[in-house]
Amino acid sequence: MGENIWGRAKSPVNRREYGPGQHGQRRKNKLSDFGTQLRAKQKLKGYYGDLTEKQFRRIYAEAERIRGDTGENLVGLLERRLDAVVYRSKFVATIWAARQFVNHGHIQVNGQRVNIASYRVKEGDVISIRERSRQLAIVLEAVALTERDVPDYLEVDHNKMTATFVRTPALGDIPYAVQMEPNLVVEFYAKN
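Residues numbered from 1 in each chain as written. Predicted model: local features only at pLDDT ≥ 70, side-chain atom pairs only at ≥ 80, totals over all residues. Heavy atoms only, no water.

K.L.:
What am I meant to see in the pairing of strand β3 (residues 126-129) here?
P.N.:
When a strand is regular, its side chains alternate between the sheet's two faces. Pairing of strand β1 (residues 107-109) with β3, which is carried by 3 bridges, proceeds in the antiparallel orientation. Within β3, the position partnered with Val109 by the bridge is Ile127. Summarising the sheet, β3 and strand β5 (residues 162-165) pair through 3 bridges and their orientation is antiparallel. Counted as the bridge partner of Val126 is Thr164 from β5. (Pairing = 2+ DSSP bridges. Helix = DSSP H or I, 4+ residues; strand = E, 2+ residues; numbered from the N terminus.)

K.L.:
Looking at this structure, I do not really get the sheet that holds β1. What am I missing?
P.N.:
By definition, the strands of a sheet pair up through backbone hydrogen bonds, in either a parallel or an antiparallel sense. With respect to topology, 5 strands assemble into an open sheet ordered β2-β1-β3-β5-β4, the strand pairing being antiparallel. The open sheet has two free edges, formed respectively by β2 (112-113) and β4 (154-157), since each of these has just one partner strand. Sheet topology places β1 next to β2; 2 bridges connect them, and they run antiparallel. Each bridged residue has a counterpart across the sheet, and for Gln108 the counterpart in β2 is Arg113.

K.L.:
What exactly am I supposed to notice about helix α5 (residues 95-103) here?
P.N.:
Structurally, the α-helix is built with 3.6 residues per turn, so residues lying three or four positions apart point the same way. The complete set of buried residues in α5 reads Ile95, Ala97, Ala98, Phe101 and Val102. Buried residues along α5 cover an arc of 155° about the axis, so they all sit on one side. Of the surrounding secondary structure, the elements contacted by the buried residues of α5 are α1 (33-47), α4 (82-88), β1, β3 and α6 (137-144). Backbone geometry just downstream of α5 places Gly105 in the positive-phi region, at approximately 80°. (Buried < 20%, exposed > 50% of the residue type's maximum accessible area, 1.4 Å probe, protein only. Arc of directions from axis to C-beta. Contact = heavy atoms within 4.5 Å.)

K.L.:
Which parts of the structure should I look at to understand the packing of helix α3 (residues 70-79) against helix α7 (residues 182-191)?
P.N.:
In a packed pair of helices, the relevant descriptors are the angle between the two axes and the axis-to-axis distance. In contact at an axis separation of 8 Å, α3 and α7 are set at 105° when each is read in the N-to-C sense. As far as their axial angle goes, α7 and α3 are roughly perpendicular. Only Pro182, Val185 and Val186 of α7 make contact with α3, whose side of the interface consists of Thr70, Gly71, Leu74 and Val75. (Axes fitted to C-alpha atoms, helices over the stretch in contact; angles between N-to-C directions. Parallel < 35°, antiparallel > 145°, perpendicular 65-115°, else oblique.)

K.L.:
Explain the environment of His106 here, please?
P.N.:
Topologically, His106 is positioned in the loop between α5 and β1. Judged by relative accessible area, which is 18%, His106 ranks as buried. Not counting chain neighbours up to four residues away, the residues in contact with His106 comprise Phe101, Ser128, Ile129, Arg130, Ser133 and Leu136.

K.L.:
Could you clarify how one ought to interpret the pattern of salt bridges in this entry?
P.N.:
Opposite charge on two side chains permits pairing when their charged atoms draw close. A full pass over the atoms with the stated rule returns 9 salt bridges. We note a salt bridge from Asp83 to Arg99, for which the minimum N-O separation is 3.6 Å. A residue pair is termed long-range when its members are at least 10 positions apart, and Asp83 in helix α4 and Arg99 in helix α5 qualify at 16 residues. One salt-bridge network, held together by shared partners, links Lys41, Lys45 and Glu53. (Salt bridge = Lys/Arg side-chain N within 4 Å of Asp/Glu carboxyl O.)

K.L.:
Explanation requested: the pairing of β5 in the structure shown.
P.N.:
Alignment of β4 against β5, held across 4 bridges, turns out to be antiparallel. Looking across to β5, one finds that Asp157 is bridged to Thr162. Two successive antiparallel strands, β4 and β5, enclose a turn made up of 4 residues, where Met161 displays a positive phi of approximately 60°.

K.L.:
What am I meant to see in the packing of aromatic side chains here?
P.N.:
The relation between two aromatic rings is expressed through the spacing of the ring centres and the mutual angle of the planes. One pass over the structure, following the stated rule, counts 6 aromatic pairs. These aromatic residues form a ring-pair network of at least three members: Phe34, Phe56, Tyr60, Phe188 and Tyr189. (Phe/Tyr/Trp six-rings, centres within 6.5 Å; stacked < 30°, edge-to-face > 60°.)

K.L.:
I keep staring at the environment of Gly105 and nothing clicks. Help me out?
P.N.:
The residue Gly105 is located in the loop between α5 and β1 in this model. Placed 12 residues apart in sequence, Gly105 and Ala117 show a C-alpha to C-alpha distance of 10.0 Å. Among residues more than four places away in sequence, those in contact with Gly105 are Arg113, Asn115 and Arg130.

Pasting the structure below:
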C-alpha cells in the first residue's frame, strides 16, 4: 500500500518513504481513478485481516441494502465482526492474532463459545475470554500494550477480560491509523 496501515512502530514504511529494491527511488506514476479506488478497497480489506474478495463483496452488498450512507454502513459492518471486536478490545496485539484467537475457541459471546471470526456481534453483546485462556501470554502482553486505545463504542474491563459492544460505530468513531476512504470503495463497486 505504501503506507503504515495499522500504525505499528515496527513497520518498514516508517523507515523509508520509497519502495524496496534498486528501482524503489524512482518517481511513482500517478494513479488513475480506478487505481485510486482499487487501492482504497485493498487498504480497507487488508486492514481487517485480508478478507477474501467474496467476503468483502458480500459485506458491501449488505451495506448497500441498509438504509443510510453505504460507506458508513460498510465500515460499521466490518467493525461488528468478532475478530475486529477482539482486536479493538486489546485482547490481542494484531488483527491476525484476533482471527486465530477466535478460531482456536478462546472467545465467548454472551457465555456461548464462538469460533467463527466473521460472527456478527450485536449491540449489547458481551464478549469474554474463556476462563482457562485468560492467563495466556499473548493476552497479557496485548493488554499491557500502550500503542492503541480502546474506542468508546466498546466497554472493556481488562480485569474480568470482558468487552461489551455498546453501539455500531460511525466512520469518525473508529481509530484508524491512516485515512480510510469508504466512499472510494463504494465508487469502485458502483462501477463494477
